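# Architecture at a glance
Residues per chain are reported as follows:
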Protein chains: 2
Amino acid sequence: MQHATRRALLAALLCAALSIDVHAQTDPLPSWNDGAVKTSIVDFVARVTTQGTPDFVPPAERIATFDNDGTLWSEQPVYFQLQFALDRIKAMAPQHPEWKTKQPFKAVLDGDMKALMAGGMKSIGQIMAVTHAGMTTEEFAKTVTDWLASARHPRFNRPYTELVYQPMLELLAYLRTNGIKTFIVSGGGIEFMRPWVERVYGIPPEQVVGSSGMTKFQMRDGKPVLTKEAKVEFIDDGPGKPAGINRFIGRRPVFAFGNSDGDQQMLQWTAAGSGARFIGIVHHTDAEREWAYDRNSHVGKLDKALDEANAKGWTVVDMKRDWRRVFP
Amino acid sequence: MQHATRRALLAALLCAALSIDVHAQTDPLPSWNDGAVKTSIVDFVARVTTQGTPDFVPPAERIATFDNDGTLWSEQPVYFQLQFALDRIKAMAPQHPEWKTKQPFKAVLDGDMKALMAGGMKSIGQIMAVTHAGMTTEEFAKTVTDWLASARHPRFNRPYTELVYQPMLELLAYLRTNGIKTFIVSGGGIEFMRPWVERVYGIPPEQVVGSSGMTKFQMRDGKPVLTKEAKVEFIDDGPGKPAGINRFIGRRPVFAFGNSDGDQQMLQWTAAGSGARFIGIVHHTDAEREWAYDRNSHVGKLDKALDEANAKGWTVVDMKRDWRRVFP
């Protein structure tokens, strides 16, 4: 090889290396593989933030809403909030000797999920009532924080808050960098999420919409407290999601991400606004790194919303194809 | 007068003029008279924003909540939202010929407030139901915007949105300049406030907590809409205010301002937090420039909360004494 050629080759290699380096440094979404999905995100953000273009959205109106379970963190084999409730039953059992023989508590203490599920929603409701009511809001927040500090996911043996999706963390940060305000709109309990979402997602409590139970204002030893009651106040799921967005945010999002049929109405509501809109769905296609499920799943069923996404050209993330990395 | 003396005098006058000028330019609260109330506000803001001091509050936790009626704008002779409802009845009357003989609508159309009030809360409920339900959220927002554009207050002959308090506008801006996030927490309707509070107060819709009716998600001609139903969802008043703060904001405020007994629990809830707290009450003492009322008023009754403010040393604004100017 001639000296000049060698020099040119070295220069080319160096440039390539530098270019990779520069790319890694400047790519705000390094855990997203290049392709149509990533392009659709980056293009949308460029369009709504470029002044003077027809798709420009004023900063105050840049609202993005994200489902949580299955969209920002995993939801298998059971919703993490249900696992929290089951663990709370075990922790509370010493104070409730009667649970040893009383369903559905007995099933939980025996680890008999089949017996628990046989009781259907009524059993789940009883479990939720004793674990999510009867204490102050501050006491409840502490049980959530304590649980997250010690509980480990059965498959991955990691804290539940480490089973969040790295590509979605990058997406949240990328949107915020571009002046797009990020909200959670989840069927999960609002008070179950608020103690940790700021630390984990960078989303403050006041930007969390979720299901809730009633609270009651009371004076206790001269100090005001809010006690949680075993009475459903709001279910932020399905048609409840646009209602929740209207109630809590009062503006239609320009960007929405979900993963199941429970998000379909939120996606429809977002898509129906005038101007540029981004509608995204996380499709769980990666049994090896996470889980693969959709139309027949009991948790996070994705059927009608997938059909609508395909019909309307919404962005469907194929987890296996589009995500370089799943967890942090 | 000797030349040197004259020069000194002129210099002194010039300096005084400059100093006034500098003061006017830098005072963030020019419509507040100097005194204990203004000092308590400025001192509080300095304390919570000075890093390294025991009262420092991290930016994310700097939440301020304001009642609306009687705290940010006037509420006499009737709550402006009620006036909106009465005006809507008149506007809708041509489509409802039966109202000419049917109470409580007849009373409204006859301008007979006494007959209307004789029907009590039931009559008010009927008025609210037909004027605040049966349309989409977008249609309702338009009626509010249209009303504000044309309606004039009977005493001041000005648009209702000009009957906001100039000192409170300055206070809202001052807090935001210091990284304190401003929220409305009002007994008024959340959907009645959101169409105009951003323009008037600089408070975005997602930072408004208020009373609400149920909404229903529906498809209309293939387009999703939220229709307002004649069913109360939440009353954000009295003990409802801390519950509303917990539900919508999820953090305890460090700063709260109200004007009536309906704000007492919000003020208690705010005061009960650990660390520095500012608790303020607007006391309506100025019959000439605005109104004077407190313990015996039907609108904005201030009785128990005034006793508690006096007992606990909360900041009570004497409108006549403390405000240089009332309206913009």
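Residues numbered from 1 in each chain as written. Chains lettered and ligands numbered in written order. Predicted model: local features only at pLDDT ≥ 70, side-chain atom pairs only at ≥ 80, totals over all residues. Heavy atoms only, no water.

All right, on to the interface of chain A and chain B then. The partner chain B presents 36 residues to the 36 residues of chain A that form the contact. Regarding the contact of chain A and chain B, the summed buried area is about 3000 Å², with carbon and sulfur atoms giving 50% of it. Interface area lost by chain A to chain B is led by Glu206(A), Phe217(A) and Arg247(A), which between them contribute 23%. Counting across the chain A and chain B interface gives 10 salt bridges. Of the charged contacts, one joins Arg252(A) and Glu138(B) as a salt bridge, the two residues approaching to 2.9 Å between their closest N and O atoms. Along the contact surface separating chain A from chain B lie 22 residue pairs in polar contact (both at pLDDT 80 or more). Contributions of two or more residues to the side of chain A that touches chain B are made by helix H7 (137-150), strand E2 (181-189), helix H9 (190-201), strand E3 (208-220), strand E4 (223-234), helix H10 (240-248) and helix H11 (264-271) of chain A. Looking at side-chain class alone, the side of chain A that touches chain B contains 18 nonpolar, seven polar and 11 charged residues. (Contact = heavy atoms within 4.5 Å. Buried area = accessible area lost by both parts, 1.4 Å probe. Salt bridge = Lys/Arg side-chain N within 4 Å of Asp/Glu carboxyl O. Polar contact = N/O pair within 3.5 Å; in protein donor to acceptor, adjacent residues only side chain to side chain. Helix = DSSP H or I, 4+ residues; strand = E, 2+ residues; numbered from the N terminus. Nonpolar A, V, L, I, M, F, W, Y, C, P; charged D, E, K, R; others polar.)

This paragraph deals with the environment of Thr215(B). Position of Thr215(B) relative to the elements: it lies in strand E3 (residues 208-220). C-alpha of Thr215(B) to C-alpha of Ala230(B): the two residues are 15 residues apart in sequence and 8.9 Å apart in space. Leaving out residues up to four positions away in the same chain, Thr215(B) has contacts with Ala243(A), Asn246(A), Thr137(B), Glu191(B), Leu226(B), Thr227(B), Lys228(B) and Glu229(B).

Across soluble globular proteins, nonpolar side chains show a tendency to be buried alongside one another. Grouped together as the largest cluster of nonpolar side chains are 146 residues, with contacts concentrated most on Leu171(A), Tyr201(A), Leu171(B) and Tyr201(B). In this structure, Leu171(A) is in contact with Leu29(A), Trp32(A), Ile41(A), Phe66(A), Phe255(A) and Phe257(A), ignoring residues within four places of it in sequence. (Core = buried A, V, L, I, M, F, W, Y, C linked by side-chain atoms within 4.5 Å. Buried < 20%, exposed > 50% of the residue type's maximum accessible area, 1.4 Å probe, protein only.)

Let's shift gears to the relation of the copies chain A and chain B. Between chain A and chain B, the superposition needs a rotation of 180° and an axial shift of 0.0 Å, giving an RMSD of 0.0 Å. The relationship between the two copies is best expressed as a two-fold rotation axis. Minimal C-alpha distance to the rotation axis in chain A is attained by Phe248(A), lying at 3.3 Å. A shared binding surface is used by both copies, with 100% of the interface residues of chain A retained as interface residues in chain B. (Least-squares fit on C-alpha atoms with pLDDT ≥ 70 in both.)

Right, let's talk about the pattern of salt bridges for a bit. This structure, assessed with the given rule, holds 42 salt bridges over all chains. Salt-bridge contacts for Asp307(B) lead to Arg295(B); the nearest nitrogen and oxygen are separated by 3.0 Å. Within this pair, whereas Asp307(B) is found in helix H12 (residues 304-312), its partner Arg295(B) is found in the loop between strand E7 (292-293) and H12, the two being separated by 12 residues in sequence. Salt bridges here are not isolated pairs; linked through shared partners, they connect Lys181(A), Arg251(A), Glu198(B) and Glu206(B).

Take helix H3 (residues 80-92) of chain A next. Residues and elements named next belong to chain A. With 13 residues, H3 ought to run about 18 Å at 1.5 Å a step, and its terminal C-alpha atoms sit 18 Å apart, in line with that. Taken as a whole, H3 has its buried residues at Phe80, Gln81, Leu82, Gln83, Phe84, Ala85, Leu86, Ile89 and Met92. Looking at the buried residues of H3, the elements they touch are helix H4 (105-110), helix H5 (113-118), helix H6 (120-132), H7, E2 and H9. (Expected span 1.5 Å × (residues − 1).)

Within the secondary structure, Ala149(B) is located in helix H7 (residues 137-150). Put simply, Ala149(B) and Pro159(B) are 10 residues apart on the chain and 7.1 Å apart in space, counted from C-alpha to C-alpha.

Enumeration over the complete set of coordinates arrives at 45 aromatic pairs over all chains. Here the aromatic rings of Phe156(A) and Phe327(A) are separated by 5.2 Å at their centres, their planes lie at 75°, and the arrangement is edge-to-face. Linking Phe156(A) in the loop between H7 and helix H8 (166-177) with Phe327(A) in the segment after helix H13 (319-322), this pair joins segments that are 171 residues apart in sequence. With a relative accessible area of 9%, Phe327(A) lands in the buried category. A ring pair is formed by Tyr165(B) and Trp323(B), whose centres lie 5.1 Å apart and whose planes are at 50°; its orientation type is tilted. Taken together, the residues span a long stretch of sequence, with Tyr165(B) in the loop between H7 and helix H8 (166-177) and Trp323(B) in the segment after helix H13 (319-322) at a distance of 158 residues. Like Trp323(B), Tyr165(B) is buried. Chaining the aromatic ring pairs together yields one cluster made of Trp73(A), Phe80(A), Phe84(A), Phe140(A), Trp147(A), Tyr160(A), Phe192(A), Trp196(A) and Tyr201(A). (Phe/Tyr/Trp six-rings, centres within 6.5 Å; stacked < 30°, edge-to-face > 60°.)

Moving on, we come to the side chain of His132(B). All names here are of chain B. With respect to the helices and strands, the residue histidine 132 is situated in helix H6 (residues 120-132). Within the structure, the side chain of histidine 132 is placed 3.1 Å from the side chain of glutamine 81, a separation counted as a polar contact. Look past the residues within four positions of histidine 132 in its chain and what remains in contact with it is Gln81, Phe84, Ala85, Phe140 and Lys228.

We now examine the side chain of Asn259(A). Residues and elements named next belong to chain A. Of note, asparagine 259 is situated in the loop between strand E5 (255-258) and H11. Looking at asparagine 259, its side chain comes within polar contact range of the side chain of glutamate 75, at 2.9 Å. A distance of 3.4 Å separates polar atoms of two side chains, one belonging to asparagine 259 and the other to histidine 284. With residues up to four places along the chain from it excluded, the contact list for asparagine 259 reads Asp67, Asp69, Gly70, Thr71, Glu75, Ile281, Val282, His284, Tyr293, Gly300 and Leu302.

Our focus in this paragraph is the confidence of the model for chain A. Residue and element names in this part refer to chain A. Chain-level statistics for chain A give a pLDDT mean of 94 and a share of 92% at 70 or above. Taken together, the stretch residues 18-24 has pLDDT below 50 and engages in zero contacts with residues farther than four places along the chain or on a different chain. Scoring of the predicted complex yields 0.91 for pTM and 0.91 for ipTM. (pLDDT = per-residue confidence, 0-100.)

All names here are of chain A. Bridge count between E2 and E3: three bridges; the pairing is parallel. Each bridged residue has a counterpart across the sheet, and for isoleucine 184 the counterpart in E3 is valine 208. Where E3 meets E4, eight bridges bridge the pair, whose relative direction is antiparallel. Across the sheet, the residue bridging to glycine 213 is valine 232, located in E4. (Pairing = 2+ DSSP bridges.)

Attention shifts here to unusual backbone geometry. In this structure, Pro104(A) follows Gln103(A) across a cis peptide bond, with omega equal to 0°. Structurally, Pro104(A) is set in the loop between H3 and H4. A cis amide bond links Gln76(B) to the next residue, Pro77(B), at an omega of -5°. For Pro77(B), the position within the fold is in the loop between strand E1 (63-66) and helix H3 (80-92). A positive phi angle is found at Asn157(A), which is not glycine, with a value near 50°. Examined against the element boundaries, Asn157(A) turns out to sit in the loop between H7 and H8. The phi dihedral of Asp221(A) falls on the positive side, at around 50°, and the residue is not glycine. Take Asp221(A): it is sitting in the loop between E3 and E4.

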